[in-house]
Structures are given as structure tokens and as C-alpha cells.
Amino acid sequence: MKKILILGGGFGGVFLAKKLYRASRKNFDIELISDNNYFVFQPLLPEVASGAINAEDAVSPLRKLLKGVKFRNAEIKDINLKNRKVLVLQGFRKRSHWIHFDHLVIALGQESNLDIVKGLREHAFTIRNLKDAYNIRNHILSCLELADVTKDQLLKKRLLNFVVIGGGFSGVETIGEIKEMVDRVINYYPNIHSEELQFHIVEYANRLLPELDETLGKYTKKVFLENKIIVHCESALLEVTGTGVYLDNEKIINTNTIISTIGSTVSKLISQSKFKLNKGKIITNENLQVSGYKNIWALGDCALVPNKKENEEKKIKTYAPPTAQFAVRQSLFLAENLILLESQKKLKSFKYQSKGSLASLGSRKGIGKIYGITVRGLFAWIIWRAFYLSFLPSFSTKIRVLLGWMLEFIIPRNAVMTDTYKRNNISYQYYKKGDIVFEEGMIADGFYIVKEGSFKNTYKKTVDGKIYTKIYKPEDHFGSRVILLGKRRTGTIVATQDSKVLKIDKNSFILINQNFPILNEYFSKYLPKEFIDLDLKIEK
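What comes next is a walk through the structure.

Calculation notes
- Residues numbered from 1 in each chain as written.
- Predicted model: local features only at pLDDT ≥ 70, side-chain atom pairs only at ≥ 80, totals over all residues.
- Heavy atoms only, no water.
- Phe/Tyr/Trp six-rings, centres within 6.5 Å; stacked < 30°, edge-to-face > 60°.
- Helix = DSSP H or I, 4+ residues; strand = E, 2+ residues; numbered from the N terminus.
- Buried < 20%, exposed > 50% of the residue type's maximum accessible area, 1.4 Å probe, protein only.
- Lys NZ or Arg CZ within 6 Å of the ring centre and 35° of its normal.
- Salt bridge = Lys/Arg side-chain N within 4 Å of Asp/Glu carboxyl O.
- Pairing = 2+ DSSP bridges.
- Axes fitted to C-alpha atoms, helices over the stretch in contact; angles between N-to-C directions.
- Parallel < 35°, antiparallel > 145°, perpendicular 65-115°, else oblique.
- Contact = heavy atoms within 4.5 Å.
- Nonpolar A, V, L, I, M, F, W, Y, C, P; charged D, E, K, R; others polar.

### Topic: the packing of aromatic side chains
Taken as a whole and assessed by the stated rule, the structure comprises 24 aromatic pairs. Each ring, one from Phe509 and one from Phe523, has its centre 5.5 Å from the other, and the planes form 90 degrees; the classification is edge-to-face. Of this pair, Phe509 sits in helix 15 (residues 506-515) while Phe523 sits in helix 16 (residues 517-530); the two residues are 14 residues apart in sequence, bridging distant segments of the chain. Like Phe509, the residue Phe523 is buried in the burial classification. Taken together, the ring pairs connect Phe11, Phe15, Phe39, Phe41, Trp384, Phe387, Tyr388 and Trp405 into an aromatic cluster. Over the aromatic face of Tyr219 sits the side chain of Arg376, whose NZ or CZ is 4.9 Å from the ring centroid. We note Lys432 situated over the ring of Tyr246; from NZ or CZ to the ring centre the distance is 5.0 Å.

### Observations regarding the pattern of salt bridges
As enumerated under the stated definition, the model contains 22 salt bridges in all. The shortest N-O distance in the salt bridge between Lys432 and Glu239 comes to 2.9 Å. In this pair, Lys432 sits in the loop between strand 26 (426-431) and strand 27 (436-438) while Glu239 sits in strand 14 (residues 237-240), placing the two residues 193 residues apart along the sequence. Relative accessible area serves as the criterion here: at 10%, Glu239 is assigned to the buried category. Taken together, the salt bridges that share partners define one network made up of Lys3, Asp29, Glu31, Lys70 and Arg72.

### Section: the sheet that holds strand 7 (residues 85-90)
Read from one edge of the open sheet, 3 strands run 6-7-8, paired in antiparallel fashion. Looking at which strands have only one partner, the edges of the open sheet turn out to be strand 6 (75-80) and strand 8 (95-100). Neighbour-to-neighbour, the strand axes of this sheet turn through a mean angle of 25 degrees, independent of strand direction. Where strand 7 and strand 8 come together, 6 bridges link them in antiparallel fashion. Across the sheet, residue Val88 finds its bridge partner in strand 8, namely His97.

### Some thoughts on the pairing of strand 15 (residues 244-247)
Burial along strand 15 is two-sided: Gly244 and Tyr246 facing one way and Val245 and Leu247 facing the other are all buried. The pairing of strand 14 with strand 15 spans 3 bridges and is antiparallel. The residue bridging Val240 from the neighbouring strand is Val245, located in strand 15. Between strand 14 and strand 15, which follow one another and run antiparallel, lie 3 residues. As paired elements, strand 15 and strand 16 (residues 252-254) share 3 bridges and run antiparallel to each other. By the bridge assignment, Tyr246 is partnered in strand 16 with Ile252. Between the antiparallel neighbours strand 15 and strand 16 lie 4 residues, among them Glu250 with a positive phi of about 65 degrees.

### Focus: the packing of helix 15 against helix 16
Packing of helix 15 against helix 16 brings their axes to within 5 Å, and their N-to-C directions diverge by 100 degrees. Classified by the interaxial angle, the pair formed by helix 15 and helix 16 is roughly perpendicular. Every residue of helix 16 that contacts helix 15 at Phe509, Ile512, Asn513 and Asn515 is listed here: Pro517, Leu519, Asn520 and Phe523. For the contact of helix 15 with helix 16, the residue count by class is 5 nonpolar, 3 polar and no charged.

Right, dumping it as C-alpha cells:
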């Protein structure tokens, strides 16, 4: 019995495993490896983020979906092509195991590449998995909670500005859902008025949804403008900080909420492999075999698959787009080819013509093209929901999602935060010249090491009335006095140049200092020496 090892638990991997098991379970030993034990239906993540559906309705347990298929929840670390084995790390202690295969199928999809714009990785949310959707939802609700009580009008403006980067399918669906979510919960916040809210979508191309016809892009913009969503087309993203988005037309959007739907790349496992890549994707032939191998296959977003159907019609070489629709179709073709190969029959070439594309614009409006026919408005929105409902991989999930959508018409949107969003314990952060890190009197939330640029620290509320200032340059640091000495407040710290810092959150810094004697000794000498002239009113 031949061993077929499938890497990845997305559309391509899951539908391939299901098809193979149903069609040829007696001839193949099928195993699927994924770092999650659930299948996530990514098109529904914006609705999870907005609270339109429950998080569990956008996911299905892989063990339930793949009954009869061997499943392994593990991290894929390496591929040894010569010896036909894959290295995985599994368990709490990440112990390594080698798994042998006769046929290897790579369906790992793509990962976010936020390094394409300065500050994007450090300050933007993504929306690729369930955790991302949770983080976005909790962060937006946190912004509304603070905006309702703050007296700082500049802070309130930033809190109520929401920006989505990317005007493709994911971007328009995300901004539409977020707008609808905020509109439906805003009545819980008496000190926030609708005119204070701003929603922005930024797209580099000259129109939204550049994948579709120009008329559909114009209609999308018209719907957004009617819905008070500000559209920035032909706008290149230059830089992102914790308090703003900087565009190439000198436009600055002050915000604390940036969601990126741009930038994709293959996993590090693929980029470091010996596979031939083009545009960052694994090159395959029309049979979905990886170039140079007969027993290695690839499909979905990580693969560059020639589409014979369009090649014949357009007389030029075209490739399958990275969509769920094509990944599912590729999985069915690949299952047939594996069976044909074992029967020593001629393999089939992948050819498929898209049935169409659909997008939800929020507020029960949609847009798309089905079999060449343009649909828009409420009718398109209904078709969109029916289309994605049909793609959900399990009957129980279909029922839960359908009921959730029906209840949306009569039950108010939930405004409960499941957890306060927290960024990484250690991370880089960017500040533009003039950005304020702390205002005098605030409590430091972390320890900051200056990597680039400079900052000025100013104390005005001193006992003798003199203004105390201190400059921080690269390799200097700030935040330790408030954290380690238990002092209640900082001075006003302002970036005097465009700057970059490494931030260690407060609790992590305390633990490191307590358990690293050299560091503890350094600060016991540094703090009395550096702040000997500082005499504060509140701290006397």
C-alpha cells in the first residue's frame, strides 16, 4: 500500500484527502499533517471578526472532516526529498519525528509578508486565521471602550479611525463587515457619535476589486461612499506606525487600527527547499507534479499550476489563481491523477474555468460575476452567502452558519470582548518625528531600547520648578525607572527623529531583570546615577 503524505490542512489538502479516501482507500495509506487541528474557512473570517457569526462556525475539526484518514497535528520542519521523508515537531516538547512517504503532496498555502512596507509587520493586523479574527474584534471593541471615556480628543480621533490596506476581495469584505459591526454596536457607547467614526480602505490600483470588471469596481466604490467609507485609490503605502498610516500622496491617516490584506509569500519551508520557484510559488506541470519529480505534487496557493482550459482559449500560458474555488478543483484532479498513476494510465491535465467571483460589501449588499453575468446589491449578497454555504465542508457547520445568519436579522450584535488584545511581549515599533510615546504622568507599559533615531524626555512637574530633560539616542533606553522603582509616572517622551525601538513589555522586563543578575546590577547603578537630579512633586 502506497503512503500518501499531505502537508497542509487548507482547502486543497482537506478536499484531496477526502476524495482519495472515498475513491481509493484500499490502495493508499493517507496521512495529512497540519499545525492546526481544525480547518478554517477563510472567506468567513471577516464575519467572525465583526461578530456576525461565532468563531466555531468558521472552523471544523479536521478529525471529524477526515474520518478514516490518518491525521497528525504537528509542525512541519523539513523535507528530505532524496530519502522520501518529512521531519515534523510534535507534542509539548516539540520532539522530532521522520515520516516516510511514497507520494508527497504540498498544500501549505501562503503566509503574510508584511515586510513589504516599513512598520507594517510591527503595527498592522492580518486576517488569515481564527486568532487574527479574534484579535481584530477585541482590538476594535477596546478602541470603542476607550474612546467612550477619554477626554483626549486627538486620541479619540485615532481610536475611531479604522483603516484596511488592500482593495481586493479580502479588503472590501473586511472593511464592509467592520463598518457594519461598529454601526450596530455604537448605540452602546453614549459618548461616541456616528460623525466621529471614519473608515478607510487603501488600494494601490486605480479602482477597488481590480480582479473584476471596471464597472464592478466603480459600483463597489459607490456603495462604500454611500456607506461613508472613505476610499483611497492610486495610493501607495509608504510607512506605518503605531499612530498612523503614511501614503505617497502626502496623506496621513491618524489611527490605532490598521488591518493589512496585502502581502503574501510562500512558507519558509518552501522558500528554503530545492523546488524550482517562480513568483515565489512551486512550479508544477499541468498534471500538478512538481517540476523534476514524479512523486511530488503541489496545489493551491503555494503552487504555480498551468490552466490548460485558459491556455487553449487565450493561446497564452496562464496559471490558476490562488482561490478556494481553484484549490478545491485541483484537489479533485490530483486525486484522479494519483489513482491513474498507480494504474499506470495516462495522467489528466488540469483545466478549469471559474464559475465566477463574489464579494460581500457589508450592509446586505454584494457584487460579483457568475457564469459571465454581473450581479450586484441584495441579490448578489444572497448568492454570495449561498455559494460559500455550499463550500463549507461539513453539514453541521452549514446548519450552524445558516442559523447564525438568520438570527442576525432579529438579534442585536454582541459587543463582548473575549480578551484584551495584546501585542507580542517583545517587538519592534516605529515612531515618526513628533510622535508622543508617553505624556507626563502616564505609567510606562514597557522597557524601550532605541535602535534608530532619538527621543527627548521632558519633566515639568518638579519640586524646584525647573524643567528636566534627557535625550535618548541609539542603544539608550527608557521606561526602567518607572517599572523597577515603582514610580508612578514618566516624563513626556517625544520622537525627535523618525525612530525605531525594541519594546519589551512591562511584566517580561521585570522577570528578566529579576532573574538576570548582571542586568539587575546594571540598573541598580544606572537609575540612581542617571536620575539623581530629578525631583518630582508627585513622587516626594
